[in-house]
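This is what each chain is made of:
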Amino acid sequence: MKKMFFAVLALTTASVFSWADSSPFKSDSPDEYVVEKGDTLWDISETFLDSPWLWPEIWHANPEIENPHLIFPGDVVRLVYIDGKPHLTVDRTVRLSPSGDAKLEPTVRVLPIEEAIPAVSLDKIASYLSRSRIVMPDEVEGVPYIVGGSEKRLITGKGDTAYARGTVPDGIGNFDVFRQGETFVDEQTDEVLGIHALGVGGVSIDKIDGEIIRVHVTRSDEELRAGDILLPNVERSIVSIFYPSAPDFPIEAEVLAVEGGVTQIGKMDVMIINQGERDGVQVGNVFEAFVKGETIQDRVTGDTLQLMDERAGLVMVFRTFEKLSFAIVMEATRPMAVGDLLRNP
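Caption draft 1: Looking closely at the overall build of the protein chain. Counting secondary structure elements, the protein chain contains four helices and 25 strands. Within the protein chain, contacts between residues at least 6 apart in sequence are counted, and of these 68% link residues at least 24 apart. For the protein chain, the exposed area adds up to about 18400 Å²; of that, 49% sits on carbon and sulfur atoms.

Caption draft 2: Representation of the sheet that holds strand S19 (residues 270-273). Pairing in this closed barrel of six strands is antiparallel, and the strands run S18-S19-S24-S23-S20-S25 around the ring. Averaged over all pairs of adjacent strands, the angle between their axes in this sheet comes to 45 degrees, without regard to strand direction. The sheet contact formed by strand S18 (residues 253-258) and S19 spans three bridges and is antiparallel. Along S19, the bridge assignment pairs Val255 with Ile273.

Caption draft 3: Spotlight on a nonpolar patch on the surface. Among the surface-exposed residues, Ile296, Leu305 and Leu307 lie close enough to one another that they form a single nonpolar patch of about 210 Å² accessible area. Mapping Leu307 onto the fold places it in the loop between strand S22 (304-306) and strand S23 (310-320).

Caption draft 4: Examining the side chain of Arg319 more closely. Mapped onto the secondary structure, Arg319 falls in strand S23. Look at Arg319: it is buried, it has no salt bridge, and the nearest opposite charge is Glu277 at 7.8 Å.

Caption draft 5: Spotlight on the pattern of salt bridges. Here the structure, examined in full by the defined rule, presents twelve salt bridges. Measuring nitrogen to oxygen at the nearest pair gives 2.7 Å for the salt bridge that ties Asp309 to Arg343. Residue Asp309 is found in the loop between S22 and S23, and its partner Arg343 is found in strand S25 (residues 341-343); the two are separated by 34 residues along the sequence. Through salt bridges with shared partners, a single network forms among Arg133, Asp176, Arg219 and Asp221.

Caption draft 6: Local environment of the environment of Glu223. Within the secondary structure, Glu223 sits in the loop between strand S15 (212-220) and strand S16 (224-225). Among the residues examined, Glu223 registers a relative accessible area of 43% and is labelled partly exposed. Taking the C-alpha atoms as reference points, Glu223 and Gly201, 22 residues apart in sequence, are found 7.9 Å from one another. Those residues within four positions of Glu223 in sequence are excluded, and the remaining contacts are Ile155, Thr156, Arg179 and Asp228.

What counts, and where the lines are drawn
- Residues numbered from 1 in each chain as written.
- Predicted model: local features only at pLDDT ≥ 70, side-chain atom pairs only at ≥ 80, totals over all residues.
- Heavy atoms only, no water.
- Helix = DSSP H or I, 4+ residues; strand = E, 2+ residues; numbered from the N terminus.
- Contact = heavy atoms within 4.5 Å.
- Areas by Shrake-Rupley, 256 points an atom, 1.4 Å probe, with all protein chains shown as cover.
- Pairing = 2+ DSSP bridges.
- Axes fitted to C-alpha atoms, helices over the stretch in contact; angles between N-to-C directions.
- Patch = residues over 30% accessible without salt bridge, like charges linked within 9 Å, V, L, I, M, F, W, Y side chains within 5 Å.
- Salt bridge = Lys/Arg side-chain N within 4 Å of Asp/Glu carboxyl O.
- Buried < 20%, exposed > 50% of the residue type's maximum accessible area, 1.4 Å probe, protein only.
- Lys, Arg positive; Asp, Glu negative; His and termini not counted.

Rendered as structure tokens:
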């Protein structure tokens, strides 16, 4: 892939945040922070803000800067006071002095866009951005599937030869290999919301003899097994820069599953929620998570009582499908679980 470059003009940028009754800044915010490699926008914002997902409203750049959310190692985030009110500024400059005495001067930096600080830790969601997907039953009905490897092996890996069974669409030579996971159904309407398909590898067609297909395993994120399905390879752009925002209108979602099938969900865990594009959910939407209130019995009257839901943290949607979405837990004040609710922050 051709390497993209981004010219960063070294100008000081100021916020145009409209201040309300209370400031979003922490009382102990530092005066400045020098961005380091490995930082994320969320972590940097958390240094200054009580609600770090508000950074798109706080950080604003001059019109000359194409994308104010592309922040690089070496940039200096400063808390300054203008007319008695706190603002965040970003100095996009280059440290020219190799000694300990940093000298900041206006200049132009030409940097690979890949070096920009990501919104969240991408290694936590990489497989969900590139390999996992939600599919509908009609998408997997009648597709080719792995029947075994060479020499009667049931498990194969990269570089191996494997065999599949089925009909290959004309003109398609490369396939992604998926393992079907849980099928999600709306408990109220019995509508199928989607099937979680985990990408386990890729194959290329070697030879076809009737319904038997010999393939070469070109990629294996996990061992390919009998029953894994073949879907045509689809090139798609991967969104790795997210702009947190509240949904445009009230949405309530439910946690349907969590990565690895664990029973308790914590910070940086990935979950599947039961709202998607048709419901208005967008990439970057932030929700507050609530643990469902317990049901208890009043020992005085014998009545059954439903306790109130308790806030458990924040989650951010990072990939959407028609009826479902993937979200990552950004803050967790208590363990969450399947069945917990998500609401507008």
